[in-house]
Amino acid sequence: MQQPIAILDSGVGGLTVAKEIMRQLPREKIMYFGDTARTPYGPRPAEEVIRFTRQIVDYLIQFRPKMIVIACNTATAVALEDIRSRVAIPVVGVIHPGARAANGRTLTGIVGVIGTEGTIRSGAYEHALKQLSPSINVISLACPRFVPLVEQGNFRSQETQEAVETSLQPLKARSIDTLILGCTHYPFLSDTIASVMGKDVMLISSADETAREISTILHDRNRLTREGELPVHQFFCSGDARMFRMIAQQWLGEQIELTPVVWQVPKIG
């Protein structure tokens, strides 16, 4: 049986990472868990996010994945090292890949980061960016209104436009040339964010860089799937299965049109 890459997120945001893994590594089986019943993670205490992440990992580990991807920035910020200490397989987060991409593309050295309250409070992106370039100037901003909009499938309404404009106003006055979408939900709103920030600001999503890191790790360990039939992906959610499936199918599109998919609603916690 093909061992899957297990991806977990607080909800639908990690689908941005799943889509990029499917594009770059089409023979890899994806096992995705979106904790839609308990989203958002951003306002929650770190101890609670760690507990939720452990519960999901304990559930997914029974399927013998060859890697775990924490596709939630908040969970990456507070639980990555905890999970790495608990399992014997590689565990990848989304913060360092996103920081690397931003550091490689900024021309002015002034980088903006938007994320959940938990991610911004942790300072994880600033720490990662300063490790790469000590002189870099990082301007961070929490945008707590974004995740609920995405979880409701509300990507392009007037309400969304107003929420993005209001939330990003503090960044408009700063001379950033690069903006990290420091939550995997935010690429769902990238068109609106781009229109608000303007053409001179490059948006960075960690999905592409995370998929590259996954490919590198599996290649180095000789664990890439190189042949055989196309995989059957599995998607789990803990909340409203109808909404989750609708958003997943809309976002993944052609990535799952020709690939068998199983949808399940397990009980955890």
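Fair warning: this is a prediction, and the values are worked out from it, not measured in the lab.

> An account of the sheet that holds strand β10 (residues 261–264) is requested, with residue identities and associated values reported.
Remark on secondary structure: sheet strands pair via backbone hydrogen bonds, oriented parallel or antiparallel. On the basis of which strands lie adjacent, the open sheet formed by 6 strands has the order β4-β3-β1-β2-β9-β10 and parallel pairing. Two strands lie at the open edges of the sheet, namely β4 (91–92) and β10, each paired on one side alone. Taken strand by strand, helix α10 (residues 207–220) contacts β1 (5–9), β3 (67–70) and β4, and its axis lies near 165 degrees from that of β3. In this fold helix α11 (residues 241–252) packs onto β2 (30–34), β9 (233–237) and β10, with an angle of close to 140 degrees to the strand it touches most, β9.

> Talk me through the UniProt feature "active site" (unreviewed entry) in the chain; I want residue IDs and the actual numbers.
Residues annotated by UniProt as "active site" (unreviewed entry) correspond here to Cys72 and Cys183. Spatially, the listed residues are clustered: although they cover 112 residues, their C-alpha atoms lie within 6.7 Å of one another. Annotated residues from the preceding list that form part of the lining of the largest cavity: these are Cys72 and Cys183. With respect to the helices and strands, the residue Cys72 is situated in the loop between β3 and α3 (73–86).

> An account of the UniProt feature "binding site: substrate" (unreviewed entry) in the chain is needed here, citing residue identities and associated values.
Residues annotated in UniProt with the feature "binding site: substrate" (unreviewed entry) correspond here to Asp9, Ser10, Tyr41, Gly42, Asn73, Thr74, Thr184 and His185. In terms of the greatest pairwise C-alpha distance, the residues named above, spread along 177 residues, form a tight cluster of at most 12.1 Å across. From the set just named, the residues that line the largest cavity comprise Ser10, Tyr41, Gly42, Thr74 and His185. Its place among the elements puts Ser10 in the loop between β1 and α1 (15–24). According to the relative accessible area criterion, Ser10 is buried, its value standing at 4%. Considering the arrangement of structural elements, one finds Gly42 in the loop between β2 and α2 (46–60). The class of Gly42 is buried, set by a relative accessible area of 2%.

> So what's going on with helix α4 (residues 95–105)? Which residues, and what values?
Three or four residues apart is the spacing at which side chains of an α-helix point the same way, because the helix has 3.6 residues per turn. Among the residues of α4, Ile95, Pro97, Gly98, Ala99, Ala101 and Ala102 are the ones counted as buried. Next to the buried residues of α4 lie α3, β5 (110–115), α6 (124–132), β7 (178–181), β8 (202–204) and α10.

> Describe unusual backbone geometry, naming the residues involved and giving the relevant values.
In this structure, Pro40 follows Thr39 across a cis peptide bond, with omega equal to 0 degrees. Its location among the elements puts Pro40 in the loop between β2 and α2. Although it is not a glycine, Arg64 adopts a positive phi angle of roughly 55 degrees. Position of Arg64 among the secondary structure elements: in the loop between α2 and β3. With a phi angle near 55 degrees, Asn222 is a residue other than glycine that sits in the positive phi range.

> Give a description of empty space enclosed by the protein that names residues and reports values.
To locate leftover empty space, one rolls a probe as large as a water molecule over the atoms. Applying the stated criterion to the full structure yields 1 cavity of 30 Å³ or more. Quantified by volume, the largest cavity comes out at close to 40 Å³. Around the largest cavity, the lining residues are Ser10, Pro40, Tyr41, Gly42, Cys72, Thr74, Thr116, Val147, Cys183 and His185. Within the lining of the largest cavity, the residues separate by chemical class into 5 nonpolar, 5 polar and no charged.

> Tell me what's going on with the side chain of Glu151, and back it up with residues and numbers.
As for its placement among the helices and strands, Glu151 is situated in helix α7 (residues 146–151). In terms of polar contacts, Glu151 uses its side chain to reach the backbone amide nitrogen of Val12, at 2.8 Å. Only 2.6 Å separates the side chain of Glu151 from the side chain of His185, close enough to count as a polar contact. Apart from residues no more than four positions distant in its own chain, Glu151 is found in contact with Gly11, Val12, Gly13, Thr36, Thr39, His185, Met243 and Ile247.

Thresholds applied
Residues numbered from 1 in each chain as written. Predicted model: local features only at pLDDT ≥ 70, side-chain atom pairs only at ≥ 80, totals over all residues. Heavy atoms only, no water. Pairing = 2+ DSSP bridges. Helix = DSSP H or I, 4+ residues; strand = E, 2+ residues; numbered from the N terminus. Contact = heavy atoms within 4.5 Å. Axes fitted to C-alpha atoms, helices over the stretch in contact; angles between N-to-C directions. UniProt positions renumbered as here; feature names shortened; annotations may be inferred. 1 Å grid on protein atoms, 1.4 Å probe; cavity = no way out; pocket = protein on both sides within 12 Å on 5 of 7 lines; lining within 4 Å. Buried < 20%, exposed > 50% of the residue type's maximum accessible area, 1.4 Å probe, protein only. Points joined across faces, edges and corners; volume = space filled by probe spheres on them. Nonpolar A, V, L, I, M, F, W, Y, C, P; charged D, E, K, R; others polar. Polar contact = N/O pair within 3.5 Å; in protein donor to acceptor, adjacent residues only side chain to side chain.

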